[in-house]
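Below are the chains, spelled out letter by letter.
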Amino acid sequence: MEAVTSPLPDEPSAPRLRRIAHLDMDAFFASVELLRYPQLKGLAVVIGGGRRKVDELLHQTPDGEGLREPHFIPVADFPLLKDYVGRGVITTATYAARHFGVGSAMGMMKAAKLCPQAIVLPVDFDEVRRFSRLFKSTITDIAPVMQDRGVDEVYIDFTDVPGGQREGGRVLARLIQKSIFDVTGLTCSIGVAPNRLLAKMASEFNKPNGISIVYEDDLETKIWPLNVRKINGIGPKAGEKLATLGIQTIGQLAAQDPQWLIERFGKSSGAWMHRVAWGRDDSPVVTESEPVSMSRETTFDRDLHAVRDKAELGRIFTDLCERVAGDLQRKGYVGKTIGIKLRYDDFRIATRDQTLDRYTQDAATIRRTAGLCLKRVPLDQKLRLLGVRVGTLEREGEVPDGPPEPRAPRAREADPHTRPLF
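Source: prediction; values computed, not measured.

Q: Honestly, the overall build of the protein chain in this entry has me stumped. Any pointers?
A: Each helix and strand counted, the protein chain has 14 helices and 12 strands in total. Buried residues in the protein chain amount to 46% of all 422 residues. Long-range contacts, defined here as pairs at least 24 residues apart, represent 69% of the contacts in the protein chain between residues at least 6 apart. Taken as a whole, the protein chain presents about 21,700 Å² of accessible surface, with 50% of it coming from carbon and sulfur.

Q: Honestly, helix H13 (residues 310-331) in this entry has me stumped. Any pointers?
A: Each full turn of the α-helix corresponds to 3.6 residues, which orients residues three or four apart in the same direction. For H13, with 22 residues, the first-to-last C-alpha span of 32 Å sits near the 32 Å given by 1.5 Å per residue. For H13, the complete set of buried residues consists of Leu313, Gly314, Phe317, Leu320, Cys321, Val324, Ala325, Asp327 and Leu328. Buried positions in H13, seen along its axis, are confined to an arc of 155° and lie on one side of it. Of the exposed residues in H13, those oriented more than 90 degrees away from the buried face are Ala311, Arg315 and Arg330. The elements touched by buried residues of H13 are strand E9 (293-304), strand E10 (333-344), strand E11 (349-360), helix H14 (363-374) and strand E12 (383-395).

Q: Which parts of the structure should I look at to understand the side chain of glutamate 153?
A: Examined against the element boundaries, glutamate 153 turns out to sit in strand E6 (residues 153-157). Judged by relative accessible area, which is 17%, glutamate 153 ranks as buried. For glutamate 153, the residues in contact, after removing those within four places along its chain, are His22, Leu23, Asp24, Phe135, Asp148 and Lys200.

Q: Even after reading the chapter, I still don't get the packing of helix H5 (residues 125-142) against helix H6 (residues 170-184), so can you show me in this structure?
A: A pair of packed helices is characterised by two quantities: the angle between their axes and the separation of those axes. For the pair H5 and H6, interaxial distance at closest approach is 10 Å and the crossing angle is 140°. Comparing the axis directions of H5 and H6 gives the class oblique. The handedness of the crossing between H5 and H6 is right-handed. Between H5 and H6, the contacting residues are Phe131, Leu134, Phe135, Thr138, Ile139 and Ile142 on the first element and Leu172, Leu175, Ile176, Ser179, Ile180, Val183 and Thr184 on the second. Among the residues making up the contact of H5 with H6, the classes are represented as 10 nonpolar, 3 polar and no charged.

Q: Before we go on, may I ask you to explain the environment of proline 225 in this structure?
A: Position of proline 225 among the secondary structure elements: in the loop between helix H8 (219-223) and helix H9 (236-244). We classify proline 225 as exposed; its relative accessible area is 52%. When the C-alpha atoms of proline 225 and threonine 249 are compared, they prove to be 5.8 Å apart, with 24 residues separating the residues in sequence.

Q: Honestly, the environment of methionine 273 in this entry has me stumped. Any pointers?
A: By secondary structure assignment, the location of methionine 273 is in helix H12 (residues 267-277). With 11 residues separating them in the primary sequence, methionine 273 and isoleucine 262 have C-alpha atoms 9.0 Å apart. Methionine 273 has contacts with Ala238, Leu242, Leu253, Leu261 and Phe265, leaving out every residue within four places of it along the chain.

Criteria and cut-off values
- Residues numbered from 1 in each chain as written.
- Predicted model: local features only at pLDDT ≥ 70, side-chain atom pairs only at ≥ 80, totals over all residues.
- Heavy atoms only, no water.
- Helix = DSSP H or I, 4+ residues; strand = E, 2+ residues; numbered from the N terminus.
- Buried < 20%, exposed > 50% of the residue type's maximum accessible area, 1.4 Å probe, protein only.
- Contact = heavy atoms within 4.5 Å.
- Areas by Shrake-Rupley, 256 points an atom, 1.4 Å probe, with all protein chains shown as cover.
- Expected span 1.5 Å × (residues − 1).
- Arc of directions from axis to C-beta.
- Axes fitted to C-alpha atoms, helices over the stretch in contact; angles between N-to-C directions.
- Parallel < 35°, antiparallel > 145°, perpendicular 65-115°, else oblique.
- Left-handed = near helix turned anticlockwise from the far one by under 90°.
- Nonpolar A, V, L, I, M, F, W, Y, C, P; charged D, E, K, R; others polar.

What follows is the structure, encoded as structure tokens:
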């Protein structure tokens, strides 16, 4: 990587263009693990599945009498994906594993058929969050207008930052890349464009550890040949419908009459599709944003039945409610819309929610209300997943219609007519 110690000043006479960057850490979860286990660099590694017990076993000496340093553990001692048994999904995979078709959100048992020789490691969320805070603080020391978009990606406004105009933003992007690598040992890919929409697409052009620059004039050559699914917001269903209409690329989408799209996708979605196909996006880089909801969910190791596994489901259900309440209390929010999410053994999903009269962050209130939501869904088949969500959030102390809901009685003290099913 080219050494850059500080961004060069922009030319005073050059017109100031809007330059927005999207920065995406390269295989972030896997890369964090490779810092711990550098002997796995270049190998197919997937992250997901169980908890850190894997590390506890790995770090023990063969006789079980002592501990060994992570970087001295032989590669042959690491667990392989072919031996994995469970219902976990992949969080991320190294690029060596991706060559076999393995990707994030894929079931690990399915991935084992594609790449059985891959090494499998669990997620270390504490370490991932630590590195996430570290790379983001490194960015804001250089370019303060940054929008957090998750644990491993951000948007950055380059427009008024020194070096943000030079070579379309490449000079500043190189500085940020080098600074993040110096501080964390991790690489990232950056796309710089006139807006967030194009910047996100550009960050995928040259992975890993790449920089891609897009100007307005590049729309036809760099953006229009891409598949419509590359547009952030066009999901599988919309992509399939567009394909049935003979629209595969962004350029084909841009060629459609806006009214034709509105007639087939609705006024809002149709107009939006035409607009983004032409690369138009005026959304700002927002340095602070309020969460819409907070949720917790878990996928079971085995399918559970509401009647036969009532006690186990009840414990899991209570734990999820307590975890959501803890998140609200820790982050200073209250909410009034309580919801549940179920995934059945045939992968169908059911959701229900109920809005309270008052805001709450109380675990018992959340559990009681979520239990009422459970009464409104069929529970005659096995479940794979259970989730609890609290929405319609407000900052604690800034509630518009009075104090939070008083703490509810525990489930065992509640009115039997409102007692949850488990």
